[in-house]
Amino acid sequence: MYSGLSGWMDLFIKVLQKLPLTLLMLGLSLFFAIILGVLIAVIRIQKQPVLYQLATFYLSFTRCTPLLVQLFLVYFGLPQLLLAFNIDINSWDRLVFLVIAFSFHTGAYLSEVFRSAYLAVGEDQLEAAYSVGMSYPQALFRIILPQAFVVSLPNLGNNIIELLKDTSLAFTIGIIDIMGQVRIILGNNHGMGMFQIYVVISLVYWGTCILIESIIGYLEKLFKKGRVSLSRQ
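Definitions and limits used
Residue indices follow the written sequence of each chain, beginning from 1 at its first position. Per-residue local features are limited, in this predicted model, to residues with pLDDT of at least 70; the limit for side-chain atom pairs, both in listing and counting, is 80 or more; totals at the level of whole chains, interfaces and linings are taken over all residues. Values reported for side chains reflect all heavy atoms of the structure, with hydrogen atoms and water molecules removed beforehand. Criterion for a salt bridge: a side-chain nitrogen of Lys or Arg within 4 Å of a carboxyl oxygen of Asp or Glu. The helix and strand labels rest on DSSP assignments: H or I over at least four residues marks a helix, E over at least two residues marks a strand, and numbering proceeds from the N terminus. Accessibility here uses a 1.4 Å probe with only protein chains present; expressed as a share of the type maximum, an area under 20% marks a residue as buried, one over 50% as exposed, and anything in between as partly exposed. Buried residues of nine kinds, namely Ala, Val, Leu, Ile, Met, Phe, Trp, Tyr and Cys, make up a nonpolar core once their side-chain atoms join them within 4.5 Å. Here, axes are lines fitted to C-alpha atoms. For helices the fit covers the stretch in contact, and angles between N-to-C directions go from 0 to 180 degrees. Roughly parallel means an angle under 35 degrees; roughly antiparallel, over 145; roughly perpendicular, 65 to 115; everything else is oblique. Rotating anticlockwise by less than a right angle from the far helix to the near helix defines a left-handed crossing, while the corresponding clockwise rotation defines a right-handed one. Every residue pair with non-hydrogen atoms within 4.5 Å of one another is taken to be in contact. In this classification, Asp, Glu, Lys and Arg are treated as charged, Ala, Val, Leu, Ile, Met, Phe, Trp, Tyr, Cys and Pro as nonpolar, and every other residue, Gly included, as polar. UniProt positions are given in the numbering used here, feature names are shortened, and annotations may be inferred rather than shown by experiment. Identification of polar contacts relies on pairs of N or O atoms within 3.5 Å, with a donor-acceptor requirement for protein atoms, meaning one able to donate a hydrogen and the other able to accept it, and with residues adjacent in sequence counted only if both atoms are side-chain atoms. An expected span of 1.5 Å times one less than the residue number is assigned to each helix. Given a residue, its bend is the angle between the two axes fitted to the seven residues that end at it and to the seven that start from it. Any two rings among Phe, Tyr and Trp, with Trp reduced to its six-membered ring, count as a pair given centres within 6.5 Å; such a pair is stacked if its planes are under 30 degrees apart, edge-to-face if over 60, and tilted if neither.

> Explanation requested: the pattern of salt bridges in the structure shown.
Should the charged atoms of two oppositely charged side chains come close, the side chains can pair. For the structure shown, the criterion picks out four salt bridges. Arg115 is paired through a salt bridge with Glu112; the nearest N and O atoms lie 3.2 Å apart. You can see Arg115 and its partner Glu112 sitting in helix α5 (residues 94–121), three residues apart, about one turn around the helix. With a relative accessible area of 17%, Glu112 lands in the buried category.

If you want it as structure tokens, here you go:
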């Protein structure tokens, strides 16, 4: 029974029990999405013929297909595809497939965020790095990317929030995150209505998004005040 104040509290506790798993999915997917996003951004900036075309195809496919379809393609399709090459990944944990799908999806959007931030830094920074004897990789990691990271923070924060909301699809492949927990509660509920249950899940997502926004806002202020330098001296 989920009636009265104690019922609300019990419901919150049950939902929050799965929040660590949701944050784990968010963190892992974001980590690999950032790596992929940086790589795709650099490929598109340098415009290397073959890699550029592959990156363009990847971005087009990712943007024009729903995330749920991409998740199902990875979860149901990838094992069948690899079986054709005698590679069996059916024993992999569901979380692995989810992280793969979410990383590829979010990486596409982050690549545009990083590319725009890179271009906003300006070619003069790159030329200045060359003038002191730096190679392109050195200039990229010591000069360009640290500045581009600061420029990209607002859009990066928006994409993190979108990724958090995307994790609500995890239950479709059997992962019991906070949304999956709500589905279980709905199936066993005998006291509190559906509206109240979704109010609770909304508040949990809302509160988590507010926390993310606060962290991003703090980082923006921190970098703007020059308290933190990401580049090597």
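> Help me out: how do you make sense of the nonpolar core in this one?
The tendency in soluble globular proteins is for nonpolar side chains to be buried side by side. Among the nonpolar cores identified, the biggest contains 44 residues, and Val15, Leu98, Phe102, Ile160, Ile178, Ile201 and Ile212 are the most heavily contacted of them. Contributions of two or more residues to this core are made by α1 (4–16), α2 (19–46), α4 (67–83), α5, α7 (136–166), α8 (178–188) and α9 (194–224). Membership of the second largest hydrophobic core comes to 12 residues, among which are Val42, Ala129, Met134 and Ala148.

> Would you mind showing me how to read the packing of helix α6 (residues 123–131) against α7 here?
When two helices pack together, their arrangement is captured by the angle between the axes and the distance separating the axes. Relative orientation of the contacting elements α6 and α7 amounts to 140°, with a least axis distance of 10 Å. Here α6 is positioned oblique relative to α7, judged by the angle of their axes. Two packed elements cross with a definite hand, and for α6 against α7 that hand is right-handed. Packed against α6, whose contacting residues are Gln125, Leu126, Ala129 and Tyr130, the element α7 presents Tyr136, Ala139, Ile143, Ile144 and Gln147 at the interface. When grouped by side-chain class, the residues that make up the contact of α6 with α7 number seven nonpolar, two polar and no charged.

> Before we go on, may I ask you to explain the UniProt feature "transmembrane region" (unreviewed entry) in the chain in this structure?
In this structure's numbering, the residues bearing the UniProt feature "transmembrane region" (unreviewed entry) are residues 21–45, 65–83, 139–157, 169–186 and 198–219. As annotated, residues 65–83 comprises 89% helix and 0% strand, and the C-alpha atoms at either end are separated by 24 Å. The distance separating the terminal C-alpha atoms of residues 169–186 is 17 Å; by composition the span is 50% helix and 0% strand.

> Looking at this structure, I do not really get the side chain of Ser103. What am I missing?
Among the structural elements, Ser103 can be located in helix α5. Residue class for Ser103 comes out buried when judged on its relative accessible area of 6%. In terms of polar contacts, Ser103 uses its side chain to reach the backbone carbonyl oxygen of Ser29, at 3.4 Å. Sequence-distant contacts of Ser103, defined by excluding residues within four places in its chain, comprise Leu28, Ser29, Phe32, Ala33, Leu36 and Tyr58.

> It is not clear to me how α7 should be interpreted in this structure. Could you clarify?
Along an α-helix, a turn takes 3.6 residues, which lines up residues three or four apart on a common side. Here α7 is 31 residues long, yet its end C-alpha atoms lie only 36 Å apart, well below the 45 Å a rise of 1.5 Å per residue gives. Considering bend angle alone, the principal kink of α7 is centred on Leu153 and spans about 55°; proline Pro154 follows within four residues of it.

> Even after reading the chapter, I still don't get the environment of Arg94, so can you show me in this structure?
Among the structural elements, Arg94 can be located in helix α5. Note: C-alpha distance between Arg94 and Tyr75 (19 residues apart in sequence) is 7.6 Å. Setting aside residues up to four positions removed in sequence, Arg94 forms contacts with Tyr75, Ile173, Gly174 and Ile175.

> Just checking my understanding: could you explain the packing of aromatic side chains for this structure?
Any pair of aromatic rings gets described here by the distance separating the centres and the angle formed by the planes. Under the defined criterion, the tally for this structure stands at six aromatic pairs. Taken together, a centroid distance of 6.1 Å and an interplanar angle of 80° make the contact between Tyr58 and Phe104 edge-to-face. Within this pair, whereas Tyr58 is found in helix α3 (residues 49–64), its partner Phe104 is found in helix α5, the two being separated by 46 residues in sequence. Residue Tyr58 is classed as buried on the basis of its relative accessible area of 14%. A centroid spacing of 5.9 Å and a plane angle of 40° characterise the contact between Trp92 and Phe97, whose relative ring orientation is tilted.

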